[in-house]
Amino acid sequence: MNILFIMYDQLRYDYLSCAGHPHLHTPHFDRVADMGVRFTNAYIQSPICGASRMSTYTGRYASSHGAQWNNFPLRVGEQTMGDHLRKLGMDCWLIGKTHMAADADGMDRLGLSPDTVIGARQAECGFDVWTRDDGLWAEGPDGFYDGKRSPYNAFLNQMGYDGDNPWADYANAGIEDGDIASGWMFANADKPANIREEHSETPWLTDRAIDFMDQTQGPWCAHLSYIKPHWPYIVPAPYHAMYGHNHVLPPVRSAAELDDPHPVYGSFMAGKISQAFQRDDVRAKVIPAYMGLIKQCDDQLGRLLAYLEEKDTLKDTMIVLTSDHGDYLGDHWMGEKDLFHAQSVKVPMIIYDPHGAADATRGTTCDALVESIDLAPTFVEAAGGTVPGHILEGRSLMPWLHGQTPDWRDFVISEYDYSSTPNRSNLGVRPRDARLFMICDGRFKLMHAEGGFRPMLFDLETDPDELNDLAKAPGHEDQTQRMYAMLAQWGRRMSQRVTMSDDDILSKTGASRRRGVLPFLYDGSEVPEDLTEKYRGPARQNHLREDGDP
């Protein structure tokens, strides 16, 4: 069996028609949901691109792998899904984005060169690379955000788009009065991008995925990692005109959220991106473009499904659709992601398993508390392996896919290290204390902030929109203490003993003591004679003086 693991960047869980969006029709996402299982309570382990992806790829929590923000290197030796799958005879390839930064110091210390197979895999998050392009070829006065070469820009040059950065000048910009109308400016979000639709980023990556599948031999796992619908919010025709301000849903927010907010929440609400999305005119421009980007993603998913059908490999290919985080889009007075409301921390997760054992669950939903770290162990089990539970902290979803009801987790966790953001300075917090934790048991959601701040607490049953922070006032101390007890339970998990599994330890426990050290005996009579035969018998030499003294 093959695995087509598709991740979209910044795709909200509720911006699909199968998830209930009233205006955005996504028939191909819906089709995969009809073929498999849609998990309705899927949470990412950090609401920021790099940290979330490193958790998904390693199957480990952010505080376990340590790469807790964008461009924080993933340390050398951290195992990823590619490492686990190759042990089982399955290749693991990257097509698109990872946002992974290599641990250059660690590689240098160990003498690993990125132009060797092992070094390249260490530098590319455990993947073999078919095409890597992280997008965001943004350029400021002092240079590019990402200094690596862009294969997408090279492709655009080949297609006749001029300049050093056609990603910015064409793929993510329109035209107004003959001038570049950059997608970085929200006012331009309603314009068509100045590019042929088939040359834009999403079709380009679909083409690369089809090129890969055309030449490969199974079994393989292909991580197709799309750059959209992440900003810049601009999309080529005809997608730019498919939705209008009448399709923009009212923001989910309340004036009560502005009244004595949690200090960290208040700082994020006061940031530039949140201030922009508090404006109705910004939302009216941006959200239709965001919806157009999703519609384009759905159409490209249709191309992939048609290809698999044409090649008669759909019956042999597991398909996984998910995202690295959501997008506030003005809800809760916020833009971007960063915090732990559902718009940010919940993601779509749809899995089609072609095995006959999954027939009973096709077209169903699963409300279990699922984490993005569950994908790596799911892939290991799908590839026929045994999940190394001492390394992978997630849990395989295969039982849910096959109609079973496994013993499952009681809560989900997400973490956020905001030490690299202006909010840390604004709050006067040390970098080591600029950390947030979310724990949610399905009913209650608690956010803990290091640095001496109070928590935030929501009752999702009585307040599903998360508008009323119960921790603002007394009266819910019991629930707060209960949630903190669960957070402490999680904090005591065994997460770093990755070189010895429980089975390894159990296999040694109670084993024969016929090798090695024979300690703690008084005269040897405590054990069978054959265990002490190496320590008995005549002395072969005497190095003491004749009187017996040394």
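A quick note: this is a predicted structure, and the numbers were derived from the prediction, not measured. (Residues numbered from 1 in each chain as written. Predicted model: local features only at pLDDT ≥ 70, side-chain atom pairs only at ≥ 80, totals over all residues. Heavy atoms only, no water.)

Novice: Could you clarify how one ought to interpret the packing of helix α1 (residues 27-35) against helix α12 (residues 280-310) in this entry?
Specialist: Relative orientation and spacing of two packed helices are given, respectively, by the angle between their axes and the distance between those axes. Two elements in contact, α1 and α12, have axes separated by 7 Å at closest approach and are oriented at 50 degrees. It follows that α1 is oblique to α12 by the angle criterion. Contacts between α1 and α12 involve P27, H28, F29, R31 and V32 on the former and, on the latter, K295, C297, D298, D299, L301, G302, L305 and E309. Among the residues forming the contact of α1 with α12, the class breakdown is six nonpolar, two polar and five charged. (Axes fitted to C-alpha atoms, helices over the stretch in contact; angles between N-to-C directions. Helix = DSSP H or I, 4+ residues; strand = E, 2+ residues; numbered from the N terminus. Parallel < 35°, antiparallel > 145°, perpendicular 65-115°, else oblique. Contact = heavy atoms within 4.5 Å. Nonpolar A, V, L, I, M, F, W, Y, C, P; charged D, E, K, R; others polar.)

Novice: Can you walk me through helix α17 (residues 477-491) in this structure?
Specialist: Since the α-helix advances by 3.6 residues per turn, residues separated by three or four positions end up pointing in the same direction. Over its 15 residues, α17 runs 21 Å from end to end, which matches the ideal 21 Å to within 8%, given 1.5 Å per residue. Of the residues making up α17, those classed as buried are T480, M483, M486, L487 and W490. Looking straight down α17, one finds its buried side chains confined to an arc of 125 degrees; they lie on one side. Across α17 from its buried face, at more than 90 degrees, point the exposed residues D478 and Q481. On its buried face, α17 sits against α3 (62-65), β15 (412-417), β16 (435-440), β17 (444-449) and β18 (456-459). (Expected span 1.5 Å × (residues − 1). Buried < 20%, exposed > 50% of the residue type's maximum accessible area, 1.4 Å probe, protein only. Arc of directions from axis to C-beta.)

Novice: What is the right way to look at the sheet that holds strand β13 (residues 364-366) in this model?
Specialist: Sheet strands pair via backbone hydrogen bonds, and the direction of the pair is either parallel or antiparallel. Taken in spatial order, the eight strands line up as β5-β4-β10-β1-β11-β12-β2-β13 in an open sheet, and their pairing is mixed. Looking along the sheet, the strands with just one partner apiece sit at the ends: β5 (128-132) and β13. Averaged over all neighbouring strand pairs, the angle between strand axes comes to 15 degrees, with direction disregarded. Pairing of strand β1 (residues 2-8) with strand β10 (residues 220-225), which is carried by five bridges, proceeds in the parallel orientation. Of the residues in β10, the one forming a bridge with M7 is S225. Across the sheet, α12 touches β1, β10 and β11 (317-323), and the angle it forms with β1 is around 170 degrees. With respect to the sheet, helix α14 (residues 375-382) is in contact with β1, β11 and β12 (349-352), its orientation differing from that of β11 by roughly 180 degrees. (Pairing = 2+ DSSP bridges.)

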